[in-house]
Amino acid sequence: MNSRLLVRRRFAPLFWTQSLGAFNDNFLRMVLLLLAWKSVSPRDWELGPIPGLAAAGFILPCLVFSSWGGVLGDRLDKHRLIRRLKLLELAVALGAMVAVWFENAAMLLVFLLLMGWQSALAGPVKYAILPQHLAPTELVSGNAWIGVGTFVALLAGVLLALSMATWPTHWARVAVMLTLVGVASLGLLVSFAVPVAPARDRISENWHPWRSNHEVLRQALREKHLFPAMLGVAIFWFLVTCMLLLLLIWVRDDFAGSGEAFSLLLVAFVLGVGVGSFLCAHFSAGRLEVGLVSLGALLAGAASLYLASLAPVAASAEEFTGLLSSGHFWQMFFGFMLVGIGAGLYSVPLYTLVQMLSREERRARMLGAVNMFNALAVALALVYGGAILAWRDVGLRGAIAGLGLMILVVGIVLLLRRPRPVLRLLVFALVHVFYRLRFRGRHHIPARGPALVVCNHVSFMDALVLGGASPRPLRFLMDQPIYESPWLNWWFRIVGAIPVDSDRRDPGNVRRALSEVSHALRQGEVVMLFPEGRLTPDGEIQGFRRGLDMILARDPVPVVPAGLAGLWGSWTSHHGGRALTKWPRRFRARVALSFGEPLSARQARSPLLERRVRELKADADAWVEARRKSPLAQS
């Protein structure tokens, strides 16, 4: 994960503004719960109507006002909107301070609803502003940091409220009041550093906040390519809410309502979400890896089943200190952390996908629709938890097993429907095991729309390296005999390889291959090809064939040149004999791949394109050679 973002003005102020706001929201909700239970001890976990009202403080504002926040985010400058929303948060915190002083739960509930209103308005803005300040290759890291900040703020708000509940009543009231106002004031100050983010939708037509719900939902349902990602995010919040609710029940039943048990297991879950977000950013390496969604769902589902398999524990709150030395408790800790890791891997790519696929002028509204779906998912999770409480025959572990099976089904369906992203991710990880890779210029591949990527052809590993480096999935042309290999044909079909052979061996084959390339480009895909048409016999670039000109004559799309170095001399190249007929002699070799600026179809004629590829290869060769001669590399 790109930690440098935390010191860059284009991201750091937004991160801290969002995290401080999330802290105050959850801190206020926990204060309301403790005040309503009229207890200074975090060990009283008897459930009553107040938890439902506290949850309504999140659900109702998100359902009613998220679309309004989306409309405001698209129509107004986002950095000014964020400042105004932080002013609203400060005003709510001042009012809540009065309610805390008089220990008035009803008044505090009103201010919790107002805080939920402020959060609902701010929710779409925090994600919609990221693509305006971050490069496409930084979006995954930015979303990962936002996710980590949100869940750490949730954890900090809950734990601090529980801690203050054990203080003397007077000091606890003063501390809560100062915390609410101090955090809101700090968030307001930080918000002034958020950079300018001009409105994307300049239409000044009249609109009504209450009618915007129907309009935003209608637009979201019309976006067929976006709706699955929105639904996926809602499933994430269903999982999170269910886990937190079942955790409360688990602590009440197995640990006699021990606040320490709840705190540690909550730490495990939040720590897992953070680790999952970090792993997502690391594996993505600046790209959008949709395959992580399937893997995250499978991991969260399997971990939930593991938790359900653990035997019940009968422990009193006083025995909890001794329970820390029990392996059974740490199995639970490990299980909740695994669920969190799966949730982190699952959620970050989905938020990034919504940002990237949304139209700029409607991005905040689409994210407002996401928040509305999330609120419905939270409501369904509360119904699920309530049904489990009412249906005693199922039991806690039956509820967790049912949740795990649901998430597993989601992961399996995603894997079966879209196996290509998962295979691409696994191949990329495998290539990283065998080679030390250096990529440059990956941002030159268009974020959306059709494009061709052309590169010199050194070895049979070239397609895997290029496919792993690209921010988007690649279709690629390959020799028909290799495509028909009985051991690998299934994989070539899944990844969308396009077989091509000479017309002498298969009349009409070239025409069929060009038609498949044309179809892929018209579907908005990126196609990779090697214009030399064969592996280099001497390590140098051979003359380009005319297939590229034939493709561009049919479909004039942008062409991204690329130069590859470091694979000449490997057992998959023709160095020292035919490829794949020699034993591997190098492991973890340095490989460099440089992408150049895209050329228009009119510019991308063979002579100019060949010259660009040669220049990029020379740049990659220079880097590999410099690293080989470096004393640090030789040590």
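K.L.:
Could you clarify how one ought to interpret the overall build of the protein chain in this entry?
P.N.:
A count of helices and strands for the protein chain gives 23 helices and seven strands. Within the protein chain, the proportion of its 635 residues that are buried is 57%. At a minimum sequence separation of 6, the contacts of the protein chain that also span at least 24 residues come to 82%. Surface accessibility of the protein chain: about 27,500 Å² in total, with carbon and sulfur atoms responsible for 64%.

K.L.:
I tried to follow the pattern of salt bridges on my own but got confused; where do I start?
P.N.:
If the charged atoms of two oppositely charged side chains come close together, the side chains can form a pair. This model, assessed by the stated rule, comprises 13 salt bridges. Notably, a salt bridge pairs Asp74 with Arg365, separated by 2.8 Å at the nearest N-O pair. One end of the pair, Asp74, is in helix 2 (residues 49–75); the other, Arg365, is in helix 14 (residues 363–390), and 291 residues separate them in sequence. The exposure class assigned to Asp74 is buried, which follows from its relative accessible area of 1%. Exposure remark for Arg365: the relative accessible area of 7% places this residue in the buried category. With a closest N to O distance of 3.2 Å, Arg475 and Glu525 form a salt bridge. On the criterion of sequence distance, the pair formed by Arg475 in strand 3 (residues 474–479) and Glu525 in the loop between helix 20 (509–522) and strand 5 (526–529) is long-range, its members being 50 residues apart. With relative accessibility at 23%, the residue Glu525 sits in the partly exposed group. Within this structure, Arg420, Arg475, Glu516 and Glu525 form a network of salt bridges that share partners.

K.L.:
Please clarify how helix 22 (residues 606–629) should be interpreted in this entry.
P.N.:
For an α-helix the count is 3.6 residues per turn, leaving residues at separations of three or four pointing the same way. Compared with an ideal rise of 1.5 Å per residue, which puts 24 residues at 34 Å, helix 22 spans 34 Å between its outermost C-alpha atoms and is within 8% of the ideal. For helix 22, the set of buried residues is Ser606, Leu609, Glu610, Val613, Leu616, Lys617, Ala620, Trp623 and Val624. Its buried side turned inward, helix 22 meets strand 1 (435–440), strand 2 (451–455), helix 21 (547–554), strand 6 (559–565) and strand 7 (589–595).

K.L.:
How do you make sense of unusual backbone geometry when you look at a structure like this?
P.N.:
Note on backbone geometry: most residues besides glycine have negative phi, and most peptide bonds are trans. Look at Glu103: it is not a glycine, yet its phi comes out positive at around 50°. Judged by relative accessible area, Glu103 falls into the partly exposed class, the value being 38%.

K.L.:
I would appreciate a short explanation of helix 20 in the present structure.
P.N.:
For helix 20, which comprises 14 residues, the first-to-last C-alpha distance of 20 Å matches the rise-based estimate of 20 Å (1.5 Å per residue) to within 8%. Along helix 20, the positions that sit buried rather than exposed are Asn509, Ala513, Leu514, Val517, Ser518, Ala520 and Leu521. Downstream of helix 20 by a residue or two, Gly524 has a phi angle that is positive, lying close to 85°.

K.L.:
How should the packing of helix 11 (residues 291–309) against helix 16 (residues 419–434) be read in this particular structure?
P.N.:
Angle between the axes and distance between the axes: these two values describe a pair of packed helices. Where helix 11 contacts helix 16, the two axes come as close as 7 Å, and the packing angle between them is 90°. When the interaxial angle is binned, helix 11 and helix 16 end up roughly perpendicular. In this structure, helix 11 contributes Gly291, Leu292, Ser294 and Leu295 to the contact, and helix 16 contributes Pro421, Val422 and Leu425. Residue composition of the contact of helix 11 with helix 16, grouped by class: five nonpolar, two polar and no charged.

K.L.:
How do you make sense of the pairing of strand 7 when you look at a structure like this?
P.N.:
Two faces make up the sheet, and in a regular strand the side chains alternate between them. When you tally the buried positions in strand 7, you get seven out of seven residues, the bulk of the element. With burial as the criterion, each face of strand 7 is covered, one bearing Ala589, Val591, Leu593 and Phe595 and the other bearing Arg590, Ala592 and Ser594. Where strand 1 lies against strand 7, six bridges are found, and the strand directions are parallel. Looking at the pairing, Tyr435 lines up with Ala589 of strand 7. Pairing analysis gives four bridges linking strand 6 to strand 7, with the strands arranged antiparallel. Within the sheet, the bridge partner assigned to Gly563 lies in strand 7 and is Ser594.

K.L.:
What is the right way to read the environment of Ala379 from this model?
P.N.:
By the secondary structure assignment, Ala379 is in helix 14. Along the chain, Ala379 and Thr241 lie 138 residues apart, while their C-alpha atoms are 9.0 Å from each other.

K.L.:
Please clarify how the pairing of strand 5 should be interpreted in this entry.
P.N.:
Of the two faces of strand 5, the one holding Val526 and Met528 and the one holding Val527 and Leu529 are both buried throughout. As defined by bridge partners, strand 2 adjoins strand 5 across four bridges and the pair is classed as parallel. Paired with Val453 across the two strands is Met528, which belongs to strand 5. Judged from the three bridges that link them, strand 3 and strand 5 form a sheet pairing that is parallel. Opposite Arg475, over in strand 5, you have Val527 as the bridge partner.

K.L.:
Would you explain the sheet that holds strand 2 in this entry?
P.N.:
The strands making up a sheet are joined through hydrogen bonds of the backbone, oriented either antiparallel or parallel. Spatial ordering of the open sheet is given by 1-7-6-2-5-3-4, a layout of seven strands whose pairing is mixed. What marks the edges here is a single partner per strand, and that holds for strand 1 and strand 4 (498–500). Averaged over neighbouring strand pairs, the angle between their axes works out to 25° when direction is ignored. Against the sheet, helix 16 touches strand 1, strand 3 and strand 7, its axis set at about 115° to strand 1. Each of strand 2, strand 3, strand 4 and strand 5 is contacted by helix 20, which is oriented at about 155° to strand 4, the strand it contacts most.

K.L.:
Explanation requested: the packing of aromatic side chains in the structure shown.
P.N.:
Two descriptors summarise a pair of aromatic rings, namely the distance from one centre to the other and the angle between the planes of the rings. For the structure shown, the criterion picks out 19 aromatic pairs. Among the aromatic side chains, those forming a connected cluster through ring pairs are Phe11, Phe15, Trp16, Trp145 and Phe278. Across from the ring centre of Trp101, 4.9 Å away, lies the NZ or CZ of Arg173, which sits over that ring.

K.L.:
Looking at this structure, I do not really get a nonpolar patch on the surface. What am I missing?
P.N.:
On the surface, Leu271, Val275, Leu279 and Phe283 cluster together to form a nonpolar patch covering roughly 290 Å² of accessible area. Within the secondary structure, Phe283 sits in helix 10 (residues 259–284). The class for Phe283 is partly exposed, based on a relative accessible area of 37%.

K.L.:
How should the confidence of the model for the protein chain be read in this particular structure?
P.N.:
Interpretation of this model should avoid reading the predicted coordinates in detail wherever pLDDT is low. Taken over all residues, the pLDDT of the protein chain has a mean of 84, while the share at 70 or more is 89%. Residue range residues 39–47 is modelled with pLDDT below 50. Its contacts to residues more than four positions away, or to other chains, number 30 contacts.

K.L.:
Sorry if this is basic, but what is going on with the environment of Leu160 here?
P.N.:
With respect to the helices, strands and loops of the structure, Leu160 is situated in helix 6 (residues 139–164). Assessed through its relative accessible area of 28%, Leu160 is described here as partly exposed. Residues Leu160 and Val176, 16 residues apart in the sequence, show an inter-C-alpha distance of 9.2 Å. Once residues lying within four places of it in the same chain are set aside, the contact partners of Leu160 are Phe23, Phe27 and Thr179.

K.L.:
For this particular structure, what's the right way to read the environment of Asp621?
P.N.:
Tracing the backbone through its elements, the reader meets Asp621 in helix 22. You can call Asp621 partly exposed: its relative accessible area is 30%. Taking C-alpha positions, Asp621 is 8.9 Å from Val591, a pair spaced 30 residues apart along the chain.

What counts and what doesn't
- Residues numbered from 1 in each chain as written.
- Predicted model: local features only at pLDDT ≥ 70, side-chain atom pairs only at ≥ 80, totals over all residues.
- Heavy atoms only, no water.
- Helix = DSSP H or I, 4+ residues; strand = E, 2+ residues; numbered from the N terminus.
- Buried < 20%, exposed > 50% of the residue type's maximum accessible area, 1.4 Å probe, protein only.
- Contact = heavy atoms within 4.5 Å.
- Areas by Shrake-Rupley, 256 points an atom, 1.4 Å probe, with all protein chains shown as cover.
- Salt bridge = Lys/Arg side-chain N within 4 Å of Asp/Glu carboxyl O.
- Expected span 1.5 Å × (residues − 1).
- Axes fitted to C-alpha atoms, helices over the stretch in contact; angles between N-to-C directions.
- Parallel < 35°, antiparallel > 145°, perpendicular 65-115°, else oblique.
- Nonpolar A, V, L, I, M, F, W, Y, C, P; charged D, E, K, R; others polar.
- Pairing = 2+ DSSP bridges.
- Phe/Tyr/Trp six-rings, centres within 6.5 Å; stacked < 30°, edge-to-face > 60°.
- Lys NZ or Arg CZ within 6 Å of the ring centre and 35° of its normal.
- Patch = residues over 30% accessible without salt bridge, like charges linked within 9 Å, V, L, I, M, F, W, Y side chains within 5 Å.
- pLDDT = per-residue confidence, 0-100.

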